[in-house]
Amino acid sequence: MDPLFHVLNILPYSFLRPPRLRLKLPTITLPSAMTVFSFVLLTYFMVVSGVVYDVIVEPPGIGSTQDPRTGTVRPVVFMSGRVNGQYIIEGLSSGFMFVLGGLGIILMDLAISPNRAKSVKISFAAAGISFLVIAYVMSMLFLRIKIPGYLR
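Here the structure is a predicted model, which is why all the values come from computation and not from measurement.

**Quick look at the overall build of the protein chain**
Inference 1: Within the protein chain one finds five helices and two strands.
Inference 2: Along the protein chain, from the amino end to the carboxyl end, the secondary structure elements read α-α-α-β-β-α-α.
Inference 3: For 152 residues, the compact-globule formula gives about 15 Å, and the C-alpha radius of gyration of the protein chain, at 30 Å, lies well above that figure.
Inference 4: With respect to the three principal axes, the spread of C-alpha positions in the protein chain is 95 × 50 × 30 Å.
Inference 5: Sorting the 152 residues of the protein chain into buried and exposed places 19% on the buried side.

What follows is the structure in structure tokens.
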């Protein structure tokens, strides 16, 4: 080892002393389960709604088409015939239906918990089945509007 490095390493600390700092480490509390669930559900909604696509491509919120008989312009929510394209409202409504179906499955899972009253179990099961049926029917309707003649 170099003697000059040794002298420079030892000499200042022979008469200088570092201060005794009484720093407290920051305590980071874990988020609650509902906070994590809400964050995951919001992230799922954004992913299935196509927010990344909306940011990159910047499609219009809704489209419009002209009625051939009257000549009036009508708003169109679904980009019919294009599977790889969407309007913003189309993506958000489809994403909401997927989240609604997921919440229906969660409610049906809560309905089989043995620690709940029977009336609460029935309410959870009814709401869960309703959410799931509504989400399925509406998603199939959206798909039939999006792709005419699909599954017929």
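**Here's the deal with the nonpolar core**
One broad trend across soluble globular proteins is that nonpolar side chains are buried collectively.
Inference 1: Formed by Phe78, Met97, Leu100, Ala135 and Phe142, the largest nonpolar core amounts to five residues.
Inference 2: Breaking this core down by element, the ones donating at least two residues are α4 (88-111) and α5 (118-146).
Inference 3: Excluding residues that lie within four positions of it along the chain, Phe78 makes contacts with Tyr87, Glu90, Ser93, Phe142 and Ile145.

**Describing the pattern of salt bridges**
Oppositely charged side chains are able to pair whenever their charged atoms sit close together.
Inference 1: Scanning all chains against the criterion turns up one salt bridge.
Inference 2: Residue Lys146 pairs with Glu90 through a salt bridge whose shortest N-O separation is 2.9 Å. In this pair, Lys146 sits in helix α5 while Glu90 sits in helix α4, placing the two residues 56 residues apart along the sequence.

**As for the pairing of strand β2 (residues 73-76)**
Inference 1: In terms of strand pairing, strand β1 (residues 63-66) meets β2 through four bridges, oriented antiparallel. Of the residues in β2, the one forming a bridge with Thr65 is Arg74.

**Describing the packing of aromatic side chains**
Inference 1: In this structure the tally under the stated criterion is one aromatic pair.
Inference 2: An angle of 45 degrees between the planes, with centres 4.9 Å apart, marks the rings of Phe78 and Phe142 as tilted. With Phe78 in the loop between β2 and α4 and Phe142 in helix α5, the pair connects residues that are 64 residues apart, well separated along the chain. Here the two residues Phe78 and Phe142 agree in accessibility, since each one is buried.

**Quick look at a nonpolar patch on the surface**
Inference 1: Together, Val7, Leu11, Phe15 and Leu16 make up a nonpolar patch on the protein surface, roughly 420 Å² of accessible area in all.
Inference 2: Mapped onto the elements of the fold, Leu11 is located in helix α1 (residues 3-15).
Inference 3: Here Leu11 falls in the partly exposed class, since its relative accessible area comes to 49%.

The rules behind the values
- Residues numbered from 1 in each chain as written.
- Predicted model: local features only at pLDDT ≥ 70, side-chain atom pairs only at ≥ 80, totals over all residues.
- Heavy atoms only, no water.
- Helix = DSSP H or I, 4+ residues; strand = E, 2+ residues; numbered from the N terminus.
- Rg over C-alpha atoms; globule rule 2.2 N^0.38 Å.
- Buried < 20%, exposed > 50% of the residue type's maximum accessible area, 1.4 Å probe, protein only.
- Core = buried A, V, L, I, M, F, W, Y, C linked by side-chain atoms within 4.5 Å.
- Contact = heavy atoms within 4.5 Å.
- Salt bridge = Lys/Arg side-chain N within 4 Å of Asp/Glu carboxyl O.
- Pairing = 2+ DSSP bridges.
- Phe/Tyr/Trp six-rings, centres within 6.5 Å; stacked < 30°, edge-to-face > 60°.
- Patch = residues over 30% accessible without salt bridge, like charges linked within 9 Å, V, L, I, M, F, W, Y side chains within 5 Å.
- Areas by Shrake-Rupley, 256 points an atom, 1.4 Å probe, with all protein chains shown as cover.

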